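# Descriptive structure summary
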Amino acid sequence: DAPHAHARPPTMQTPTSSRLFAAVVFVAAATAITVEADVDAITRAAAKTTSKIVNVDFNHEFPLLSAVSSWQRKHFGSSPASSRAVSPPDHRRSLVETSFCEFDAEDNDCDINPLAVFQSFRPATSAGQILVEVFKPELECRQLMSKTTCSANPSCEFEDKKCGFNPVVLLSAKVGTCKDSEKANVTILTKILEGNATCTVAKDKASCSDRISAGCIFEDGICQFDSKRYIGEYMMADMGAGSMLGMFVKLGKLVDVCEMTSSGATTNATTACNANSKCEWDITKKNCDVSAPARNAILSAGNTSAVTAIYVQAFTCSLSSPTSCIAPCAKSLADTCVYPASEIALSLFGEMKESPMKDIMMKTVTCSLVDISTSMNTTAAESSCKAAAEGCSYTMGAAECDFNPDATDIMNLMKAKIPGSQPQCPTLMSMMIPSVLECIATPEAECGTGATAGKCEMDEGSCSIDESIMFELLLGKEDGQNVASMMSSCEQHSSKAACEVQTMDLDFFGKKNPTKQKVETVMSFKGITVVNPGKIKTALAATIGGDVKVEDITLTKIHFPVKAKLRLSTTLATVNADKPAFESKFKKGAAVDLMVSESDIVISAITESARRRGRGLLAAGVDVAFTVENAADATVAQRIATNITTASALTTLAAETGATATVVEAPTFELVVAMEIATADSAGVTSKVSESSTTATLATNLATAGMASITVTVTETPTVKKNSYLAPASASSGHRSFQTLTGGVAVAIFVVGMIVF
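Residues numbered from 1 in each chain as written. Predicted model: local features only at pLDDT ≥ 70, side-chain atom pairs only at ≥ 80, totals over all residues. Heavy atoms only, no water.

This brings us to the nonpolar core. By size, the foremost hydrophobic cluster in this structure holds 68 residues, and its most contacted members are Ile231, Phe349 and Met414. The dominant element in this core, judged by the number of residues it contributes, is helix α12 (residues 244-263), at seven residues. In this structure Phe349 touches Ile42, Ala46, Phe248, Lys358, Met361, Met362 and Val365, once residues within four positions along its chain are discounted. Within the second largest apolar cluster, 53 residues are counted, among which are Ile528, Ile544, Phe582 and Leu702. (Core = buried A, V, L, I, M, F, W, Y, C linked by side-chain atoms within 4.5 Å. Buried < 20%, exposed > 50% of the residue type's maximum accessible area, 1.4 Å probe, protein only. Helix = DSSP H or I, 4+ residues; strand = E, 2+ residues; numbered from the N terminus. Contact = heavy atoms within 4.5 Å.)

This is the structure we're talking about:
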């Protein structure tokens, strides 16, 4: 191990928490062991490598990602027109044909009317229920007239002076429920691509600025995800600020600062370098380097225990004689016992889990430890460096052998699981990206043929994903084609008159299942705080029995409604003078304070409260009983409940109503699930669900599935929703046709076109 050019005892000032580290470093250096030089070489090389990774501009330097970003801007930042072929008509007779299209005068096109779909769409499968959930927030967003109230709702965005559903919410939403085997790892790549989806929706600098908190930056005339900032924050936060990577990110930034200090100097480079207290001029390498005190300060503030252990072990080795030098120590060429550089590297990175990042760090170490001390700044040194490992690169003048991660190294890192993250049900975006990347990489002559048939198609001179499969990814094959047929029916019209009289029976369930009907009901599950839809459906199917299978059950709504009662310091006479106005103000104020939508707040009763004085009753205020619906999980419900009971959190409510609020009934919440059960025996299932023993049996079945101490209650009497389809009629019946998807579909028409009005 060759001594470092400027290895010397550090003269740093350290905080009390790092005294052990400082003491050990001082002793190690004072006893003239080589660990200081080796740690310096390894950590500096690791810092430079992490700096290179952090500074990668994924949107410009990686062609595939650049192409994906362009694809995202095209399809989620605009509303291109599309056309589809029409299939032969379906001659099944329908009792209800719904007008479901609406005309957008600004864009001069005919789109699906979300209200009609929300009211009438009945998916063929449970996966198709997602469409209804997509349209619900669109309807809520339309009610928000101002930019302020629109922007406050994360599901909405204010564009073209109107509030509508934010397509990014759809892209980033988990696609239904999934099995453990269907869950996917969270990766840096998916984070960056989902970030780009968020940013590309913005059409100008102003709207891009509104998304700064989401990591967006306006560059080159477009809004894009700031991948460099994310990678830096990922290294520091997701890996932990005290982790090795977090430590090297800090050190790497300082390495960059020192190198730029001298390279950008207009006067003597040595003077410019030494002017920065954290830098010093390396006479041997003739470059500006991080000073030992600054480097050790970063190391001591980082993973102190790991670095301290290196110095402790090195000091231990130095106390041994060459004849008693045993592993992990080794005898040096100078016939002394030392802690070898290879062991130092293992101490720094050996405990990292096997991953692309560990591969990159180990290659970095290999390059940094190449012995070029006798041939610095020569072709021989360059040859020795490059021969050490693939990716090693020698820098003449600086006399350093560094590792330069190539595109493959970076992409392997991007696709690897983020440490500590848990596999998740895929999002629409994560499901799309593999096919998007495959198509982009496919040569034009092979696009849409062979393995890419039905997956890729030529679009404006390049191979792109055949967007007809987007519907199937989101809703499943059956309902994906059903929705595509609905869109086809609307898009064929170029006039308002023709658009708004287009009809179709949207009962796709009835079309698929002419012998079945759906039983609708709502149940509450007291005691469940972590929702597992799969277990609920399995237990329910086992409880009901008969022809009901798991796949026949659709959970149409899962939420934790929060019930509470507040007393307001006003009178009932004041409220009744304009009750609608009072209710509107109550919802508006409560929505802001509880961080929910106004439509989530349902007032069930407004009554006059009273207190007794002697033998008489005196008015004491007005009691408002209400429910906050749509809390997605128990954590959100608990936050809402906490805000309700915190007087200082209800300031907007007080300002809107002109009355102070106190809690009369403490907030309570429990899991509530709305469901549809498809069956050929609707009468039998209705009777079964209504039986008092059913809920007890269901609780027992849930306990068997690992969800114990559950109390189940049927909160809405089961009802039967009849199908609108009848038996097949003759081919000449002349009823309006259904259309299926046979050609390319612009996904923007689905995600944006149908929601930008």
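Having put the structure on the table, let's press on.
Moving on to the state of the cysteines. Enumeration according to the criterion identifies eleven disulfides in this entry. There is a disulfide in this structure between Cys439 and Cys456, and the S-S distance comes to 2.0 Å. Here the S-S torsion is close to -80°, and the disulfide linking Cys439 with Cys456 is therefore left-handed. In this pair, Cys439 sits in helix α20 (residues 428-440) while Cys456 sits in strand β15 (residues 456-459), placing the two residues 17 residues apart along the sequence. (Disulfide = S-S within 2.5 Å.)

What follows deals with the packing of aromatic side chains. The description of an aromatic ring pair rests on the distance of the ring centres and on the angle between the ring planes. Tallied over the entire structure, the rule returns three aromatic pairs. Here Phe586 and Phe626 contribute two aromatic rings whose centre-to-centre distance is 5.3 Å and whose plane-to-plane angle is 70°, an arrangement assigned as edge-to-face. One end of the pair, Phe586, is in helix α27 (residues 579-594); the other, Phe626, is in strand β22 (residues 616-628), and 40 residues separate them in sequence. Every member of this aromatic cluster is reached through a ring pair, and the members are Phe582, Phe586 and Phe626. Its guanidinium or amino end placed over the ring of Phe509, Lys518 lies 4.5 Å from that ring's centre, counting from NZ or CZ. (Phe/Tyr/Trp six-rings, centres within 6.5 Å; stacked < 30°, edge-to-face > 60°. Lys NZ or Arg CZ within 6 Å of the ring centre and 35° of its normal.)

Attention now goes to the confidence of the model for the chain. Looking at the chain as a whole, the pLDDT averages 76, with 74% of positions reaching at least 70. Confidence over residues 76-95 falls short of pLDDT 50; this stretch has 71 contacts with residues more than four positions distant or in other chains. Scored below 50 in pLDDT, residues 238-242 shows 14 contacts in the model against residues more than four places distant or in partner chains. (pLDDT = per-residue confidence, 0-100.)

Time to look at the environment of Cys325. Positionally, Cys325 belongs in the loop between α15 (304-318) and β11 (330-331). Through-space distance from the C-alpha of Cys325 to that of Cys337 is 5.6 Å; in sequence the pair is twelve residues apart. Among all residues touching Cys325, those that are not within four sequence positions of it are Ser320, Ala330, Lys331, Cys337 and Val338.

This part takes up the packing of helix α16 (residues 341-349) against helix α17 (residues 356-368). Packed helix pairs are characterised by how far apart their axes lie and by the angle those axes make with each other. Between α16 and α17, the shortest axis-to-axis distance is 11 Å and the interhelical angle comes to 160°. Between α16 and α17, the interaxial angle falls into the category roughly antiparallel. Between α16 and α17 the crossing geometry is right-handed. Packed against α16, whose contacting residues are Ala345, Leu346 and Phe349, the element α17 presents Lys358, Met361, Met362 and Val365 at the interface. By residue class, the composition of the contact of α16 with α17 is six nonpolar, no polar and one charged. (Axes fitted to C-alpha atoms, helices over the stretch in contact; angles between N-to-C directions. Parallel < 35°, antiparallel > 145°, perpendicular 65-115°, else oblique. Left-handed = near helix turned anticlockwise from the far one by under 90°. Nonpolar A, V, L, I, M, F, W, Y, C, P; charged D, E, K, R; others polar.)

With that settled, consider the environment of Ala272. With respect to the secondary-structure elements, Ala272 resides in helix α13 (residues 269-274). Separated by eleven residues in sequence, Ala272 and Thr261 have C-alpha atoms that sit 6.4 Å apart.

With that settled, the discussion passes to the sheet that holds strand β25 (residues 711-721). If you walk across this open sheet you meet the four strands as β19-β24-β18-β25, and the pairing is antiparallel. Every other strand in the sheet has two partners, leaving β19 (553-559) and β25 as the edge strands with one partner each. Direction aside, neighbouring strands of the sheet carry axes that sit 20° apart on average. Here strand β18 (residues 517-526) runs beside strand β24 (residues 671-679); their pairing, made up of nine bridges, is antiparallel. Counted as the bridge partner of Thr521 is Met675 from β24. Across the sheet, helix α31 (residues 692-704) is in contact with β18 and β25; its angle to β25 comes to roughly 120°. (Pairing = 2+ DSSP bridges.)

With that settled, the discussion passes to α31. Within the sequence span of α31, burial applies to Thr694, Thr695, Leu698, Ala699 and Leu702. Projected down its long axis, α31 shows its buried positions confined to an angular sector of 135°, all on one face. Structural note: α31 exposes Ser692 and Thr704 on the side pointing more than 90 degrees away from its buried face. Turning to α31, the residues buried within the fold contact β18, α25 (533-544), α30 (682-690) and β25. One or two steps after α31, the chain reaches Gly706, where phi turns positive at roughly 95°. (Arc of directions from axis to C-beta.)

Turning our eyes to something else, we now look at the side chain of Lys565. Within the element layout of this structure, Lys565 appears in strand β20 (residues 562-568). A relative accessible area of 19% means that Lys565 is categorised as buried. Setting aside residues no more than four positions away along its own chain, Lys565 makes contact with Asp623, Val624, Ala625, Phe626, Thr662, Val663, Val664 and Glu665.

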